[in-house]
Amino acid sequence: MELYIDTANLDEIKQAHDLGVLDGVTTNPSLVAKEGVDFHTRLEEICKIVSGPVSGEVVSTDAEGMLKEAEVLTKIADNIVIKLPTTVEGVKACKALSDHGVRTNLTLCFQPLQAMVVAKAGAFLVSPFLGRLDDIGADGVDLIHQIRTIYDNYGYQTKILAASIRGPKHMIDCAIAGADVATVPFKVIKQMLNHPLTDIGLKAFLEDWYKANPKPEAATV
Ligand code: G3P
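Residues numbered from 1 in each chain as written. Predicted model: local features only at pLDDT ≥ 70, side-chain atom pairs only at ≥ 80, totals over all residues. Heavy atoms only, no water.

Caption draft 1: Up close: the packing of aromatic side chains. Under the definition given, this model contains three aromatic pairs. Relative to Tyr 156, the ring of Tyr 151 has its centre 5.7 Å away and its plane inclined at 80°; by these criteria the two rings are edge-to-face. Its guanidinium or amino end placed over the ring of Phe 124, Arg 103 lies 4.9 Å from that ring's centre, counting from NZ or CZ. Sitting over the ring of Tyr 210, Lys 215 keeps its end group 4.7 Å from the ring centre. (Phe/Tyr/Trp six-rings, centres within 6.5 Å; stacked < 30°, edge-to-face > 60°. Lys NZ or Arg CZ within 6 Å of the ring centre and 35° of its normal.)

So, in structure tokens, the structure goes:
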């Protein structure tokens, strides 16, 4: 399973990149606005750190406007992926970009037929939003299962990018459901490595070791 970080914060991206297991980055207009920086400059900075796919989202709502924005965004770096809303206009723009070999990420996907249509339009990634479905009492993980089954039935090549992930349980469920990628906040990346028994076990191992092998400074006291 590929792991992307869902942030526009450079410090978090650098820390996640330093782990050596980061495959890509997703941003959205809210995440970029939170940073208070120039969008294009920030994407350029991110692409200097991460060589995998970096999603930059358009803000136009018509296909023509989306394509104009995509023209500028794709010039920033080779690894830029154009993030488009899963709307009628977004699908038109997706098809046009895919036909020209430009990779797209169709975002704000909330039901399986949206995922089917964007796959037919050649999307590189589709982003079902788990957390936001759970927020309204629906089952986000169920959507991943449905999309996986449909894609496998027909051999669609679009990658399922599980988004709006709120915690480690979502990650486990997505991995079991067969999501190709998960994009997660930095907080969740850190949570993925946490277990209190790991900390307790490591503490005990080190205490036992240093009892039998005192550190030189302790030995001379
Ligand atoms: O970037 C898209 C998605 O991951 C947003 O997540 O937590 O705002 O629903 P969230």
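Caption draft 2: Seen up close, helix α8 (residues 140-154). With 15 residues, α8 extends 22 Å between its outermost C-alpha atoms, agreeing within 8% with the 21 Å of an ideal straight helix rising 1.5 Å per residue. Inspection of α8 places Gly 140, Val 141, Leu 143, Ile 144, Ile 147, Arg 148, Ile 150 and Tyr 151 among the buried residues, and these make up the whole buried set. Buried residues belonging to α8 abut β5 (104-109), α6 (112-120), β6 (125-128), α7 (130-135), β7 (159-162) and α9 (168-177). Trailing α8 by a residue or two, Gly 155 shows a phi angle of about 70°, which is positive. (Helix = DSSP H or I, 4+ residues; strand = E, 2+ residues; numbered from the N terminus. Expected span 1.5 Å × (residues − 1). Buried < 20%, exposed > 50% of the residue type's maximum accessible area, 1.4 Å probe, protein only. Contact = heavy atoms within 4.5 Å.)

Caption draft 3: Quick look at the pairing of β6. Judged by which residues are buried, β6 turns out to be covered on both faces: Leu 125 and Ser 127 on one side and Val 126 and Pro 128 on the other are all buried. Both β5 and β6 contribute to a ladder of three bridges, which runs parallel. The partner of Cys 109 across the bridge, within β6, is Pro 128. For the crossover from β5 across α6 to β6, the handedness is right-handed. Judged from the two bridges that link them, β6 and β7 form a sheet pairing that is parallel. (Pairing = 2+ DSSP bridges. Right-handed = clockwise from strand over helix to strand, strands pointing away.)

Caption draft 4: Structural context of the pattern of salt bridges. On inspection of all chains with the given rule, the structure shows 13 salt bridges. When the shortest N-O distance is used, the salt bridge between Asp 173 and Lys 169 registers 3.0 Å. Highlighted residues: Asp 173 and Lys 169, both in helix α9, separated by four residues, approximately one helical turn. Residue Lys 203 is joined to Glu 207 by a salt bridge in which the shortest nitrogen-to-oxygen separation is 3.0 Å. (Salt bridge = Lys/Arg side-chain N within 4 Å of Asp/Glu carboxyl O.)

Caption draft 5: Representation of the environment of Lys 75 within the structure. Examined against the element boundaries, Lys 75 turns out to sit in the loop between α4 (63-74) and β4 (80-85). As for Lys 75 and Ala 182, which are separated by 107 residues in sequence, their C-alpha atoms are 26 Å apart.

Caption draft 6: Spotlight on the site of the ligand. As a structural note, the neighbourhood of the ligand is formed by Asp 6, Asn 28, Lys 83, Phe 129, Arg 132, Ala 163, Ser 164 and Arg 166. With respect to the ligand, the side chain of Asn 28 contributes an N or O atom lying 3.0 Å from an oxygen atom. One of the side-chain N or O atoms of Arg 132 is found 2.6 Å from an oxygen atom in the ligand. Isolated, the ligand exposes 310 Å² of accessible area, and the fraction of that covered by the protein chains is 82%. For the shell around the ligand, the class distribution of residues is two nonpolar, two polar and four charged. (Near = heavy atom within 4 Å. Polar contact = N/O pair within 3.5 Å; in protein donor to acceptor, adjacent residues only side chain to side chain. Areas by Shrake-Rupley, 256 points an atom, 1.4 Å probe, with all protein chains shown as cover. Nonpolar A, V, L, I, M, F, W, Y, C, P; charged D, E, K, R; others polar.)

Caption draft 7: Highlighting helix α1 (residues 10-18). Along α1, the residues that are buried comprise Leu 10, Ile 13 and Ala 16. Summarising the axial view, the buried residues of α1 lie within an arc of 130°, below the 170-degree limit, and thus occupy one face. Residues of α1 that are buried make contact with β1 (2-6), β2 (24-26), α3 (39-49) and α10 (186-191). N-capping of α1 is provided by Asn 9, with a side-chain oxygen placed 3.1 Å from the backbone N of Asp 11. Just downstream of α1, Gly 20 is the residue with a positive phi angle, here 85°. (Arc of directions from axis to C-beta.)

Caption draft 8: Broad picture of the side chain of Asn 28. Tracing the chain through its elements places Asn 28 in the loop between β2 and α2 (29-35). Since its relative accessible area comes to 14%, Asn 28 is described here as buried. Within polar-contact distance, the side chain of Asn 28 engages the backbone nitrogen of Ser 30 at 3.0 Å. In this structure the side chain of Asn 28 is engaged in a polar contact, spanning 2.7 Å, whose partner is the backbone nitrogen of Leu 31. If we skip the residues at most four places from it in the chain, Asn 28 touches Glu 57 and Lys 83.

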